[in-house]
Amino acid sequence: MGLRIRLAAVGLLAALLTAGTASAASTSVSAFGVGSIKSEWLAGFNGTNGVDVNGLFDLTVAGQSNIKLYRARFRQDQVLSNGAYTQWTMLDNLVRQAALRDVTLEPVLINMPGEVYTPPTTAAARTAFGNFVTAVARRYGPTGSFWPSCGCTAHPIKVWEVWNEENNAPYWNPPSPSQYGALLALAKSKLRAVDSSARILVGGLAYPSTPGPTKMEANAFLQQTIAAAGASGFDAVGVHVYASDPARGVNTLVQGTVNTLKTYAGTSGGAPRQQVWLDEFARPTSLDDPAGSQVSQRDWLDQVLGLLLPQRGAWNLGPVMWYAIRDYKQPTAANLRYGLRLTNPDDTDAGPKLSWQDYASRSAAATALPLPVAR
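Predicted model only: the values in this text are computed from it and were never measured.

Trainee: What should I look at first to understand the packing of aromatic side chains in this one?
Mentor: Centre-to-centre distance and the angle between the planes together describe a pair of aromatic rings. Under the counting rule described, the total for this entry stands at 19 aromatic pairs. Residues Phe 146 and Trp 147 carry aromatic rings whose centres are separated by 5.2 Å and whose planes lie at 70° to one another, so their mutual orientation is edge-to-face. Pair check on accessibility: Phe 146 and Trp 147 agree, each one buried. With 5.7 Å between their ring centres and 70° between their planes, Trp 163 and Trp 172 make a pair best called edge-to-face. An identical accessibility class is assigned to Trp 163 and Trp 172; each is buried. Put simply, the rings of Tyr 85, Phe 129, Phe 132, Trp 163, Trp 172, Tyr 180 and Phe 221 pair up and form one aromatic cluster. A cation over a ring is seen here: Arg 341 above Trp 356, with NZ or CZ 5.0 Å from the ring centre.

Okay, here's the thing in structure tokens:
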């Protein structure tokens, strides 16, 4: 009898462990995602104030609409404590709250002490950043130490974005493909040492309207990064499209990146070897014409996706991710009005814009995509 009880307990434990790591072997990724102006503190990154219930609403409404990917910054400076990466309270809460709503995080690995973007441009700084990368992978990857105590179904991180708009100040000033290539190579080695199937995403490239010393043209930057990191130094490339002309945004900008990848990193079945992620795209609404600008925003979204999604196979496209899920509560500047939803002055959700209905209906019907091939 005692043996049967022990065997039953072992079976129960195995079942619980299996449930907790059910997502660990996932080979797919949500076709639709979203970012946020408030980014990582959306679901609890407000310190002593506790959980941000407005952020929890946002994650809930996203998950319910099959928007299963949430892009958020993982900041080196915010987990560093007394020289070690041990301050996990806020990140743990974000990861947990997302997982409880069946949303997986797509982290942007970055460093912002004092809210200033501080890229690792020296060997010593890259070493410190590499130690940070190792620490977050050990905590939130498929075998991460966080998941057994999460109280949620595990949603381990499989795709890691290295920096953001590294071809564009103020994120990296001045842009340096050689420095970024060195960081990319280091991040890949650190991530793969923890998880051999980790996918490395080149930080979302901006398309500056006037390239110059502080804003490097995206595809020239990508070409030189490939030369520095190698054609197999990454698994996917992020791009950011804000062009007012949808045809230019897709057929000139994104297709230019696709062609750069095909030329300098190789092809597979005619498509680029690496996936292309549209991990930021958006069009703002207007305070002066809220109704008309909502129509314009929705039409822009439709036109971009209408041009882009038919190319999914030919261009090896990964997820699309709108930036951002909601407007800022005091949206004085245009970049604070990119949201798919409105926000009240007290920071509560004020309901959907027309574009939300469009985006949510598309995501609700979408099937998951294969993860990029690990190079």
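Trainee: Where do I start with the packing of helix 7 (residues 218-229) against helix 8 (residues 246-265) in this structure?
Mentor: Two numbers describe a pair of packed helices, the interaxial angle and the distance between the axes. Packing of helix 7 against helix 8 leaves a shortest axis separation of 10 Å and a crossing angle of 20°. Compared by their axis directions, helix 7 and helix 8 come out roughly parallel. The crossing of helix 7 and helix 8 is right-handed. Two secondary-structure elements touch here, helix 7 through Asn 219, Leu 222, Gln 223 and Ile 226 and helix 8 through Leu 253, Gly 256, Thr 257, Thr 260, Leu 261, Tyr 264 and Ala 265. When the residues that make up the contact of helix 7 with helix 8 are grouped by side-chain class, the tally is six nonpolar, five polar and no charged.

Trainee: Where do I start with empty space enclosed by the protein in this structure?
Mentor: Gaps left between atoms are located by rolling a probe of water-molecule size over the structure's atoms. Tallied over the entire structure, the rule returns two cavities of 30 Å³ or more. Each pocket or cavity is described by its volume, and for the second largest cavity that value is around 40 Å³. The wall of the second largest cavity is formed by Val 239, Val 254, Val 276, Leu 278, Leu 308, Leu 317, Gly 318, Pro 319 and Val 320. Listing elements by their share of the lining of the second largest cavity, those giving two or more residues are strand 12 (275-281) and strand 13 (317-322). In terms of residue count, strand 13 provides more of the lining of the second largest cavity than any other element does, four residues in total. A class-by-class count of the residues in the lining of the second largest cavity yields eight nonpolar, one polar and no charged.

Trainee: Can you help me understand the layout of surface pockets in this one?
Mentor: Size it by volume and the largest pocket reaches roughly 770 Å³. Lining the largest pocket we find 32 residues, and of these Glu 165, Tyr 171, Tyr 242, Glu 280 and Tyr 323 sit closest to its centre. Put simply, the parts of the chain that give the lining of the largest pocket at least two residues each are strand 3 (69-75), strand 6 (104-110), strand 9 (236-241) and helix 8. At three residues, the largest contribution of residues to the lining of the largest pocket is made by strand 3. Split into classes, the residues belonging to the lining of the largest pocket amount to 18 nonpolar, eight polar and six charged. What the second largest pocket holds in volume is close to 370 Å³. Lining the second largest pocket are 24 residues, with Ser 26, Ser 28, Val 29, Ser 30 and Thr 104 sitting closest to its centre. Only strand 1 (28-29) and strand 6 provide two or more residues apiece to the lining of the second largest pocket. Across the lining of the second largest pocket, the residue classes tally to eleven nonpolar, nine polar and four charged.

Calculation criteria
Residues numbered from 1 in each chain as written. Predicted model: local features only at pLDDT ≥ 70, side-chain atom pairs only at ≥ 80, totals over all residues. Heavy atoms only, no water. Phe/Tyr/Trp six-rings, centres within 6.5 Å; stacked < 30°, edge-to-face > 60°. Buried < 20%, exposed > 50% of the residue type's maximum accessible area, 1.4 Å probe, protein only. Lys NZ or Arg CZ within 6 Å of the ring centre and 35° of its normal. Axes fitted to C-alpha atoms, helices over the stretch in contact; angles between N-to-C directions. Helix = DSSP H or I, 4+ residues; strand = E, 2+ residues; numbered from the N terminus. Parallel < 35°, antiparallel > 145°, perpendicular 65-115°, else oblique. Left-handed = near helix turned anticlockwise from the far one by under 90°. Contact = heavy atoms within 4.5 Å. Nonpolar A, V, L, I, M, F, W, Y, C, P; charged D, E, K, R; others polar. 1 Å grid on protein atoms, 1.4 Å probe; cavity = no way out; pocket = protein on both sides within 12 Å on 5 of 7 lines; lining within 4 Å. Points joined across faces, edges and corners; volume = space filled by probe spheres on them.

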